[in-house]
Each structure stands twice: as structure tokens, then as C-alpha cells.
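Below are the chains, spelled out letter by letter.
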Amino acid sequence: LCGCGVGFKFMQAFAKNNGIPFSRLIPLLDFCAVSIAADIVPVVDENRILAFHGLKQLNQNPSLGLKAIIDICGLNGRELSMSDIVFKIGPRINASGRMENGKESVDLLVEKDFSMALKEAKHINEYNEQRKDIDKQMTEEANIIVSKLESQRHLSSIVLYDENWKKGVIGIVASRLTEIYFRPTVVLTRDGEYATGSARSIMGFDVYAAIKSCRDLLVNFGGHTYAAGLTLKWEDIPHFRKRFQQYVDEHIKPSQKEAMINVDAVIDFKDISKRLYNDLKRFSPFGPGNNKPIFCTLSVYDYGTSKVVGREQEHIKLELVDSKSSTVVNGIAFGQSASARYIKSKRSFDIVYTIEDNVFKRNQVQLQIEDIRPNSDSVE
């Protein structure tokens, strides 16, 4: 259970012991769904049940604060999923705490007047835009540091610190570096005589256990397998870095150092339909422990209309055909604009993807493309 899940179970026990009907608690379930998704806890067992009914509440009758955020996100009129929480709703709730004071998000979530909630939601949305700019700047600075650290190039982990980095954004920077370099990462900043930081991990490696192995150097720490927070004395950072890296070296598996995508099935475009999407949807809600099915299609081609999109031209909007049918399939590849030139060269390539609802075209699906690989037959 995430913290909100624990809170809900406390309320459930309180209601049961005081003769309060469970129906009084149902309006709180949307908070559970948001917390389960945003906290990246396993969507299995009781979490799965809470997330399922919480999503139903979020879609049918959300609290005023969450409704205001949904409006600001432009998510009105569509069925919300766990992904919408992870990428849209959660970051905005977190933004005020990262940039200024988390109490603003609390005030929004308990607001009873919708016009006031909308005003507060717009305010935390501004925080989120500021957070994105700082996040980008700090990630660029961290990338420069990593590129210059020849001593870290062959290590299995990254430990970085800078006393000027903003405390509320270092967790996001750690996540970015983990995605880029595919190594367990700790990012620290200064808080008086202490260093405070966030750790993020790669699939299958327990970063919490790695941090716990250094507990004699830490003032406090907490977290779970893939994300953790820690505080230590500023002068102890070199000792911590050495110990942390030693633990990772001894426990990480060679296969965990490479970015890998586990494909559930290889299919052709003719197999993709709204009916298949609806069948897959019955396995939802998706998340850690119950991931979305990932498919692969080999030897696909640009239909001729694919293009680079996004504020910084970082994404690709695709229209594709495969070698076995003339079916044109729409897709979006986030952050993969580096593949655009190859795609437009008319050579074939392989893709792995999840199947999503196309919110702009009713009764159609689109592919969310996770990776693009030049087809071996097309490589010169």
C-alpha cells in the first residue's frame, strides 16, 4: 500500500468500528487511485482493487480539486487511465511541493468551491511549467558532469551532487539520468550541513537495499525498490559514493545494465483492432506488477505522412504500414525524433508498442511506440 492506501484502510477500520457505512468512504477512492499511480506502487492484490474502483470514481464523480486539475490538463471528456495520472495529474499535484509549498496542493484537493479550485489548479499548473524548465536545466548540467567524469564511465552506478540544485526536482533528474545511462542513480543537493537526495533504479535492481547497506553513514532514509530518499552529512558524500557503488558492483547483474523491453507477442497490423484493445483493457488498471501488454511488429514502413512534432520537435507522429497488409496504423513515439530521418528514408524498421485508444478518432486505436529499430534486412 502507498501512504494514501494506508490512510484509506485506517478510515475503513474507523468507519467499521463506529457504525459508519462504507458508502461514505467511496468518494475518497479517487484519491487512492491517484496516489497508487503517482507513487508507482505495484498494481496487484488490494492495490489493484483500490485502483480499479478509484478510477471509476475519478471518471464518474471526482472530487472538486481533482476535477479542476482534470480541466487544466485538458483531459475532460475522455476516460482517464493510470497513465493519465502518472503523466498529467500526478506531476501537477507534486509541482507546488517541488517549487514552493506542498500545502497549496493540499488546499486544492480539499477545496469545496469549484471556481476557487480552478483558480488554485491554474496556479499549480504554473508551478509545473516552472518545474519543467528547472528539470531540463538541471538534467543538462548533470549530463555535462557525467560526460566529464571518466572515472564513472565504467562504474555500475551514478552518484552526483551540486549544492545549488533545487531539492524538489532532484528526484526527477535522477529518473532522467537513470533512463539515459541505465544505471542506479543518486542525485544530492545541499541543505545546510547536510546533503539530501533522491535515488532511482533500473528494472530488477533494489536501490533501497543499496542505500540501506550504507545506513551507518545516513541521518535518515526511506523508499522502496525503485525509488528512495536519503539524508547524510555533506562531508560524508565521498564515503557514501564509494560504499554505494561497491554495493551496486557486487549485486547488479550484467543483463540489468542494458535497456531491454520484454515483448509479449509479435503480431501484424491486421491483428490490431478496437476489439483487441477492448479485450486488453479488461486487464486494467495497469502499472508495476501488471504492465500493459507490449507487442512487436516487424518490417514496417512509413506511409509517407509521418512527421516530427512537439514543442521542441522531440516526438514523431507516425502513419505506418507493414509488409503483410495495406492497413494504415497511427502511432506516436515520444522522445524518439532521432529516428525520424531513418523512418523517412523509406527503409523498413521494427517497432515495439502498446495499443492505446485514439482519443481524436472514435472507434480507432493508435500505437504508443516504445522503441524503433532498423530492420536487419534494411541495414547496409
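Summarised in this report is the structure supplied together with it. (Residues numbered from 1 in each chain as written. Predicted model: local features only at pLDDT ≥ 70, side-chain atom pairs only at ≥ 80, totals over all residues. Heavy atoms only, no water.)

1. Topic: the packing of aromatic side chains
Where two aromatic rings form a pair, the distance of their centres and the angle of their planes describe that pair.
Part 1 of the argument: Applying the stated rule across the entire model yields 6 aromatic pairs.
Part 2 of the argument: Judged by centre distance (6.5 Å) and plane angle (70°), the ring pair of F205 and Y247 falls under edge-to-face. Taken as a pair, F205 in the loop between strand 3 (194–200) and helix 9 (207–212) and Y247 in helix 10 (residues 237–251) lie far apart in primary sequence, 42 residues in all. Side by side, F205 and Y247 carry an identical accessibility label, which is buried. (Phe/Tyr/Trp six-rings, centres within 6.5 Å; stacked < 30°, edge-to-face > 60°. Helix = DSSP H or I, 4+ residues; strand = E, 2+ residues; numbered from the N terminus. Buried < 20%, exposed > 50% of the residue type's maximum accessible area, 1.4 Å probe, protein only.)

2. Notes on the sheet that holds strand 2 (residues 185–191)
Part 1 of the argument: Strand order across the open sheet formed by 5 strands is 1-2-3-5-4, with mixed pairing between neighbours. On the outer flanks of this sheet lie strand 1 (158–161) and strand 4 (218–224), each paired with one strand and no other. Within this sheet the neighbouring strands show an average axis-to-axis angle of 15°, counted without direction.
Part 2 of the argument: Here strand 2 runs beside strand 3; their pairing, made up of 7 bridges, is antiparallel. Pairing of V186 across the sheet is with A199, part of strand 3.
Part 3 of the argument: Docked against the sheet, helix 8 (residues 170–181) engages strand 1, strand 2 and strand 3, running at close to 45° with respect to strand 3.
Part 4 of the argument: Relative to strand 1, helix 10 is tilted by about 165°, and along the sheet it contacts strand 1, strand 2, strand 3, strand 4 and strand 5 (227–233). (Pairing = 2+ DSSP bridges. Axes fitted to C-alpha atoms, helices over the stretch in contact; angles between N-to-C directions. Contact = heavy atoms within 4.5 Å.)

3. A look at the nonpolar core
Part 1 of the argument: Core analysis: the biggest nonpolar cluster contains 33 residues, and I36, L58, I69, M82, I85 and I89 have the highest contact counts within it.
Part 2 of the argument: Those elements giving two or more residues to this core turn out to be helix 1 (3–17), helix 2 (29–38), helix 3 (45–60), helix 4 (64–73), helix 5 (82–99) and helix 7 (114–148).
Part 3 of the argument: Counting residues per element, this core draws most heavily on helix 2, at 6 residues. (Core = buried A, V, L, I, M, F, W, Y, C linked by side-chain atoms within 4.5 Å.)

4. Some points on the pattern of salt bridges
Part 1 of the argument: Here the structure, examined in full by the defined rule, presents 14 salt bridges.
Part 2 of the argument: A salt bridge links D191 to K167; the shortest N-O distance between them is 3.9 Å. Taken together, the residues D191 in strand 2 and K167 in the loop between strand 1 and helix 8 connect sequence positions 24 residues apart.
Part 3 of the argument: A salt bridge links D216 to R243, with the shortest nitrogen-to-oxygen separation between them at 2.6 Å. On the criterion of sequence distance, the pair formed by D216 in the loop between helix 9 and strand 4 and R243 in helix 10 is long-range, its members being 27 residues apart.
Part 4 of the argument: Owing to a relative accessible area of 29%, R243 belongs among the partly exposed residues under this scheme.
Part 5 of the argument: A network of salt bridges, in which partner residues are shared, links D268, K270, D271 and K324. (Salt bridge = Lys/Arg side-chain N within 4 Å of Asp/Glu carboxyl O.)

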